[in-house]
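Observations on the model geometry
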Amino acid sequence: MATARLSNHRVVIVGAGPAGIRCAQTLVAAGFKPVLIDENRRDGGQIYRRQPEGFTRNYATLYGTEADKARDLHESFDRLRPQIDYRPDTLVWNLTPGQLCCVSQGLHSTVDYDALILCTGATDRLMPIEGWQLGGTYSLGGAQIALKAQAVSIGHRVVFMGSGPLLYLVASQYLKAGANVAAVLDTAPLGLRIKALPKLMARPGLLFTGMKLLAQLYRAKIPVHLGISPLQVLGEAVSGVSGVRVRTAAGETLTVDCDAVALGYHLRPETQLADLAGCALRFDEASGQWWLDTDEEGRTSVSGVYAAGDGAKIRGADAAEHAGRLVALALLSDLQQPVDATQVTAQRQALKVMDQFRLGLAQAFPWPAAQAKALPDEAIVCRCEMISAGELRRTVSEKGACEVNRAKAFSRVGMGRCQGRYCSQAGAEVIAAAAGVHVQEVGRQRGQAPVKPLSMLTREVTP
Amino acid sequence: MTLNKADVVIVGGGLMGSAAAFFLRQRGQSVILLERDQIGQYASGVNFGNVRRQGRFLGQLELANRSWALWKRLPELIDDDLEFIASGHMRVCYREDEIAELEAYAAAPEAQQLDLKIYRGSELHARFPFLGKDVKGGSYAPHDGHANPRLAAPAFARAARRLGARIEERTEVAEVQKVNGDFSVTTTDGRQFSAAQLLITAGAWGQKLSAQFGEPVPLETNGPQMAVTEPVPYALPTVIGVYTKIPEEVIYFRQIPRGNIVIGGGYRSKPDMLNRRAYVEPRSILNQLDQMRRLLPGVGNLNIIRVWSGIEGYLPDSLPVMGPSGNVDGLYYAFGFCGHGFQLGPGVGDVMAELISTGSTSTSIEPFSIRRFASTAEQRSKAS
Ligand SMILES: Cc1cc2nc3c(=O)[nH]c(=O)nc-3n(C[C@H](O)[C@H](O)[C@H](O)COP(=O)(O)OP(=O)(O)OC[C@H]3O[C@@H](n4cnc5c(N)ncnc54)[C@H](O)[C@@H]3O)c2cc1C
Ligand SMILES: Cc1cc2nc3c(=O)[nH]c(=O)nc-3n(C[C@H](O)[C@H](O)[C@H](O)COP(=O)(O)OP(=O)(O)OC[C@H]3O[C@@H](n4cnc5c(N)ncnc54)[C@H](O)[C@@H]3O)c2cc1C
């Protein structure tokens, strides 16, 4: 009886990372055959990104301490593959109620859904610094992808600057790969880390891994400075980055020579598709950014639309696996399918621990909102459109734009190729500081299609 | 306590309302402008940006010419050029018989100021070598151009405010009526405004207010579809649009000096009037890609980085409602601009200010009178 109804119910998952794969697996176990769409050529998502076919680096080299988890996820996926409708290399660029718009290799097609589960992950969260438009400036994630996917370093002498666990992780991955790490410059002061310890103790194993990374850096005599304030990326337009200048916690100016710098302040969720679907977002105080407003199990405010993993709430890869399973169980229960209550409890319990840990991370490595205020007028905020902090501030002071979308309309900040991915959060801080209000009050940039640039060669699949 | 009384209350702060506020202040009238959301947030702020006269209803060119003269003077008038460039506008067609129609338009006495020139065949492709081979002919308007819609209404509103206009945003008018010779305007949050004269510039919502005075109009809402590419070197200063009777062939584009190519046309969407949003129809964007490849084959290597739409009010004869009320003294309308009000904006503001301050206009706006719907309504009731 159930199967007849199930086969009619079209469940589509976007994102084949840990959240999406665990979700698909749970649904298959319950007799569904979900569609699983991912923009990447291969499964694994961000952290467990599989190397291109033909590359043969082993799991330990590629995934370090996470090798076992990566292997397990990939093997699960390989077993799952015949039982799902997997569509790799397919970007969901837009959606309308009940229908996704997809492009794959220049061909456009639509995919109808009754239930949509968004497992779209996260991208780097960035704060501008004067000079960050110079060639040789990368995001931490971009630096890691260069290493993981192509086995290349972003420079000969690399500075890692920002805050958050990824800062230390990527720096140590570079170190291990034999790159010259010039310095690790963290905006978070030591004191906060100590204060956050009780929360971080929620996951002692992970905390220990983190400390080991730090120890490796110290052992290699890499200069590590905590509590710094970034001042400038130095260099010339033609030759690119030649160094960075920061103020140390002691108040001294420190210049470090380098030819590349990797920047980042943890992550921001990819919420565009959910936003286009009309899902509500809410401001998360701890991280100071807008997240999807879902219930604990991943139901969004729009019926039939669900979300899991970092795209819904940034809690890391392990949490993404739990959240992926939990959201599948939520959908099953909404469809009146039998659901094992102990499974639900187990996933929720695990997520509770991870929530605690993520609060600890947010406390230990805070988003440096005050930097936006200190940004000199000449500093570029929006690198796609080359708009400076001063120009953005003038839209507030001269044109009265105290709301993000309004300021975007007047100044073009967030209007470029990246659709505000890399500048809109910092832009909001600049606007809030200029208007003298809390960042929540200036709102957030509304999502607009296409989620990623759409080639004008795109053609419809002729049926 | 602020006095909520002025010579003129304007309802709706799009380009029409903002420009009218400015020109009314120039003529010394005291003005209160009430805008439900933010100035210029709807059609006026999201349109394609065509400042085009050619192709309009011939009876509208006098108004469009008046507006064009104001576009040229914007820096001196409002201290902002709105990025207006009189870069030329080219109206092209895919069929020989359509060239004859373009020629007839160019020859009309009303179109004389436009200095239209017809191109065809090899001369056309020599002048515009980037156009696709399907293009058979075109009409070139050297003085038309384009501007940045996002800046327009807010700049007029700021200029009006500098001249002393009072502008209230986030103020939605719920009810309008005339009591004892004065208009009484009530907002949804319970505030009251009054004025001797009332101007309704509420765009796609205009008929809701005109109906309160017994003058309903058959206004329909649509969302024209827009897209923009990533920037490429500035090489296409001329705005180009296709003249055709086949809806899916309608396509137009302009390149801004920063390099992005803005594209519009094709099927429109039905706006969600409850949430006040017009959505993008994905099939419309795909059609635009097809049509753009036909019109501008070199465009294939570019990417679309953003698509959008906006809410516009259309009347069945594709002409706006503009002029005095047919029923009520001191009541004026300027709404429902049918997808071509951006170019007219400054002119509409100027003409409405003239009409309200002097009782008449030096520019003909008779074809746009709201009375044209009253008579059809009467005829209909007589016939039945
Ligand atoms: C650059 C970067 C590096 C990271 N490195 C580490 C690390 O080294 N260690 C660590 O513990 N954590 C790391 N993280 C965090 C970790 O990746 C996440 O916690 C984890 O991957 C979350 O899993 P997920 O399933 O939610 O999303 P993801 O693994 O990010 O998967 C999301 C998937 O959705 C797909 N997708 C998104 N939008 C669309 C769309 N519109 N159409 C089609 N497909 C779409 C993406 O292609 C992607 O495959 C990193 C994050 C980033 C952004
Ligand atoms: C996508 C798109 C592309 C276009 N392209 C072009 C083009 O290239 N060239 C061209 O000439 N024209 C174009 N147009 C048409 C042009 O944008 C409009 O005709 C013009 O902007 C109309 O201006 P408006 O002030 O009448 O309307 P609007 O800009 O809609 O302003 C009306 C205002 O009234 C307010 N309002 C409504 N009801 C109330 C109330 N009860 N109380 C208070 N306030 C109220 C609204 O909030 C709104 O701000 C396009 C339109 C769209 C949507």
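Residues numbered from 1 in each chain as written. Chains lettered and ligands numbered in written order. Predicted model: local features only at pLDDT ≥ 70, side-chain atom pairs only at ≥ 80, totals over all residues. Heavy atoms only, no water.

Some details on the UniProt feature "domain: FAD/NAD(P)-binding" (unreviewed entry) in chain A
The UniProt feature table records "domain: FAD/NAD(P)-binding" (unreviewed entry) at residues 10-323 of chain A. The span residues 10-323 of chain A is 30% helical and 31% strand by assignment, and the distance between its end C-alpha atoms comes to 20 Å. (UniProt positions renumbered as here; feature names shortened; annotations may be inferred. Helix = DSSP H or I, 4+ residues; strand = E, 2+ residues; numbered from the N terminus.)

A few points about the domain arrangement of chain A
Residues and elements named next belong to chain A. Partitioning chain A into domains gives domain 1 (3-123 + 268-361), domain 2 (126-265) and domain 3 (370-442). In this assembly, 19 residues from domain 1 lie in contact with 14 residues from domain 2. Taking both partners together, domain 1 and domain 2 bury about 1500 Å²; carbon and sulfur atoms supply 64% of that area. Put simply, domain 1 and domain 2 have one salt bridge between them. (Domains from an automatic or database assignment. Contact = heavy atoms within 4.5 Å. Buried area = accessible area lost by both parts, 1.4 Å probe. Salt bridge = Lys/Arg side-chain N within 4 Å of Asp/Glu carboxyl O.)

Examining the nonpolar core
Among the nonpolar cores identified, the biggest contains 84 residues, and Ile10, Ile78, Leu82, Phe156, Met322 and Val348 of chain B are the most heavily contacted of them. With sequence-adjacent residues up to four places away left out, Ile10 of chain B is seen in contact with Gly17, Ala20, Ala21, Leu24, Val31, Ile32, Leu33, Leu34, Leu199 and Thr201 of chain B. Among the nonpolar cores identified, the runner-up in size contains 40 residues, and Ala19, Tyr48, Ala67 and Leu329 of chain A belong to it. (Core = buried A, V, L, I, M, F, W, Y, C linked by side-chain atoms within 4.5 Å. Buried < 20%, exposed > 50% of the residue type's maximum accessible area, 1.4 Å probe, protein only.)

A closer look at the site of ligand 1
Residues and elements named next belong to chain A. Neighbouring ligand 1 are 31 residues, the closest being Asp38, Gln46, Gln144, Leu169 and Asp310. Interatomic distance of 2.9 Å between a backbone N/O atom of Gln46 and an oxygen atom of ligand 1. In the model, an oxygen atom of ligand 1 is placed 3.1 Å from a nitrogen or oxygen of the Ala317 main chain. The set of elements that each furnish at least two residues to the shell around ligand 1 consists of helix H2 (18-29), strand S4 (91-96), strand S8 (122-124), helix H5 (140-150), helix H6 (165-176) and helix H10 (317-334). When the residues that make up the shell around ligand 1 are grouped by side-chain class, the tally is 15 nonpolar, 13 polar and three charged. Each of domain 1 (3-123 + 268-361) and domain 2 (126-265) gives at least three residues to the shell around ligand 1. (Near = heavy atom within 4 Å. Polar contact = N/O pair within 3.5 Å; in protein donor to acceptor, adjacent residues only side chain to side chain. Nonpolar A, V, L, I, M, F, W, Y, C, P; charged D, E, K, R; others polar.)

What about the site of ligand 2?
Residues and elements named next belong to chain B. Surrounding ligand 2, one finds 35 residues, the nearest of these being Glu35, Ser44, Val173, Glu312 and Phe342. One of the backbone nitrogen or oxygen atoms of Gly49 is found 3.4 Å away from an oxygen atom of ligand 2. In the model, an oxygen atom of ligand 2 is placed 2.9 Å from a nitrogen or oxygen of the Phe342 main chain. Within the complex, 98% of the 1000 Å² of free accessible area of ligand 2 lies under protein. When contributions to the shell around ligand 2 are tallied by element, the ones reaching two or more residues are helix H1 (15-26), helix H2 (43-46) and helix H10 (341-358). A per-class count over the shell around ligand 2 returns 15 nonpolar, 15 polar and five charged. Both domains that furnish three or more residues to the shell around ligand 2 are identified here as domain 1 (5-49 + 150-217 + 316-373) and domain 2 (87-143 + 221-314). (Areas by Shrake-Rupley, 256 points an atom, 1.4 Å probe, with all protein chains shown as cover.)

Section: the pairing of strand S13 (residues 229-236) of chain A
Residues and elements named next belong to chain A. Sheet topology note: the S13/strand S14 (residues 240-247) ladder contains seven bridges and is antiparallel. Residue pairing for S14: Pro230 is matched across the bridge by Val246. With antiparallel pairing between neighbouring strands as the criterion, S13 and S14 make up a hairpin whose turn holds three residues. (Pairing = 2+ DSSP bridges.)

A word on the UniProt feature "transmembrane region" (unreviewed entry) in chain B
Per the UniProt entry, the sites bearing "transmembrane region" (unreviewed entry) are residues 6-24 of chain B in this numbering. When the span residues 6-24 of chain B is considered, its composition is 53% helix and 32% strand, and the gap between its end C-alpha atoms is 12 Å.

Overview of the domain arrangement of chain B
Residues and elements named next belong to chain B. Here chain B is partitioned into domain 1 (5-49 + 150-217 + 316-373) and domain 2 (87-143 + 221-314). Taken together, the contact pairs 15 residues of domain 1 with 18 residues of domain 2. In total, about 1300 Å² of surface goes out of reach between domain 1 and domain 2, with carbon and sulfur atoms giving 62% of it. Sorting the residues of domain 1 by area buried against domain 2 places Val46, Phe48 and Ala204 first, and these three jointly supply 45% of that buried surface. If you look at where domain 1 meets domain 2, you find one salt bridge. Between Asp37 and Arg276 there is a salt bridge, and its shortest N-O distance comes to 3.4 Å. Taken together, the links from domain 1 to domain 2 amount to seven residue pairs in polar contact (both at pLDDT 80 or more). Residues belonging to the side of domain 1 that touches domain 2 are distributed by class as follows: nine nonpolar, four polar and two charged.

Section: a nonpolar patch on the surface
Together, Leu190, Ile194 and Leu197 of chain A make up a nonpolar patch on the protein surface, roughly 270 Å² of accessible area in all. Assignment of secondary structure puts Leu197 of chain A in helix H7 (residues 190-200). (Patch = residues over 30% accessible without salt bridge, like charges linked within 9 Å, V, L, I, M, F, W, Y side chains within 5 Å.)

Quick word on the pairing of S4 of chain A
Residue and element names in this part refer to chain A. Counting buried positions along S4 yields five of six residues, so the element is predominantly enclosed. Relative to strand S5 (residues 99-104), S4 is paired through five bridges, and the arrangement is antiparallel. Counted as the bridge partner of Val92 is Cys102 from S5. Two successive antiparallel strands, S4 and S5, enclose a turn made up of two residues, where Gly98 displays a positive phi of approximately 85 degrees.

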